[in-house]
Amino acid sequence: ITNIMMKKGCTEEQLFFDATERLHSLEPSPTTALRMGTMSIVKKKYGKAVEYLQEATKGLTEKKDLYKAYIFLGMAYDGQNSNGAARSAYYKAAEIDPTKGEPYLKIAQLYAGTRGVDDGVNGRSVYWVAVDKAVRARNVDSSPENVELANRLISAYSSNFPKKNDAFMADLIDGKSYFVGGWISESTTIRTR
């Protein structure tokens, strides 16, 4: 029944969720775990999604499925505000398929959403590392949709760089190296607008 419903595009229906859950409980497989994980994300049941997706990553052997499982695992962790775990899952996806920019774009979005970084410029240093990841995404994946999204993020995040005067007042000089602390803990280059 689940295969028929998938072909008809009924994957967001409660009946499909219930049928897949039942199938998974009767005959657990990495494929049904992946399906349950993705459906749990749609339902914003991130804890269950993490459980299912971790199960899927342990059994999937197809590279494309394993890649998807790690992307979705990152999304589930992000839904739980577990930024470090989300980033680790995205890096694992990038390791599985180094030709995809998506993992780096997801990390860029995580970084840009970080609040409370003590940098003297109202937390704007997160945009430097976010742009770094978006540039990396664009460099590894030249597909038009990836390049378009990377360019959009780079433009949006660059517009949030600190103003030259604000950076100067915080002893931050354009082009110098800077370490963004907190959970990000990455070095970058200071940039102003």
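Being a predicted model, the structure only gives us computed values, none of them experimental. (Residues numbered from 1 in each chain as written. Predicted model: local features only at pLDDT ≥ 70, side-chain atom pairs only at ≥ 80, totals over all residues. Heavy atoms only, no water.)

**Student:** Go over the confidence of the model for the protein chain, please, and point to the residues and values.
**Tutor:** The predicted coordinates of low-pLDDT regions are not to be read in fine detail. A residue-level look at the protein chain finds 86% of positions with pLDDT of 70 or above and a mean pLDDT of 90. Scored below 50 in pLDDT, residues 1–11 shows 18 contacts in the model against residues more than four places distant or in partner chains. (pLDDT = per-residue confidence, 0-100. Contact = heavy atoms within 4.5 Å.)

**Student:** Run through the packing of aromatic side chains, naming residues and quoting values.
**Tutor:** Per the stated rule, a full pass over the model turns up four aromatic pairs. Here the aromatic rings of tryptophan 128 and tyrosine 178 are separated by 5.4 Å at their centres, their planes lie at 80°, and the arrangement is edge-to-face. Of the two residues, tryptophan 128 sits in helix H8 (residues 125–140) while tyrosine 178 sits in strand S1 (residues 177–180), which places them 50 residues apart along the sequence. Assessed through its relative accessible area of 16%, tyrosine 178 is described here as buried. (Phe/Tyr/Trp six-rings, centres within 6.5 Å; stacked < 30°, edge-to-face > 60°. Helix = DSSP H or I, 4+ residues; strand = E, 2+ residues; numbered from the N terminus. Buried < 20%, exposed > 50% of the residue type's maximum accessible area, 1.4 Å probe, protein only.)

**Student:** How would you explain the pairing of strand S2 (residues 186–189) if you had to name every residue and give the values?
**Tutor:** Burial of S2 is one-sided: the residues Glu186 and Thr188 facing one way are buried, the residues Ser187 and Thr189 facing the other way are not. Direction of pairing for S1 relative to S2: antiparallel, over a ladder of four bridges. For serine 177, the partnering residue across the bridge sits in S2 and is threonine 189. A loop of five residues connects S1 with S2, the two strands running antiparallel in sequence, and glycine 182 in this loop sits at a positive phi of about 65°. (Pairing = 2+ DSSP bridges.)

**Student:** An account of the pattern of salt bridges is needed here, citing residue identities and associated values.
**Tutor:** Think of it this way: side chains of opposite charge can pair up when their charged atoms draw near. One pass over the full model with this rule turns up nine salt bridges. Of the charged contacts in the structure, one is a salt bridge between aspartate 132 and arginine 191, with a shortest N-O distance of 2.9 Å. On the criterion of sequence distance, the pair formed by aspartate 132 in helix H8 and arginine 191 in the segment after S2 is long-range, its members being 59 residues apart. With a shortest N-O distance of 3.2 Å, lysine 133 and glutamate 186 are connected by a salt bridge. (Salt bridge = Lys/Arg side-chain N within 4 Å of Asp/Glu carboxyl O.)

**Student:** An account of the nonpolar core is needed here, citing residue identities and associated values.
**Tutor:** Core analysis: the largest hydrophobic core is formed by 50 residues, its most contacted members being Leu53, Tyr70, Leu73, Tyr157 and Leu172. Secondary structure elements with two or more residues in this core: helix H3 (30–42), helix H4 (46–59), helix H5 (63–79), helix H6 (83–96), helix H7 (102–112), H8, helix H9 (144–158) and S1. Look past the residues within four positions of leucine 53 in its chain and what remains in contact with it is Leu34, Gly37, Thr38, Ile41, Ala69, Phe72, Leu73 and Ala76. (Core = buried A, V, L, I, M, F, W, Y, C linked by side-chain atoms within 4.5 Å.)

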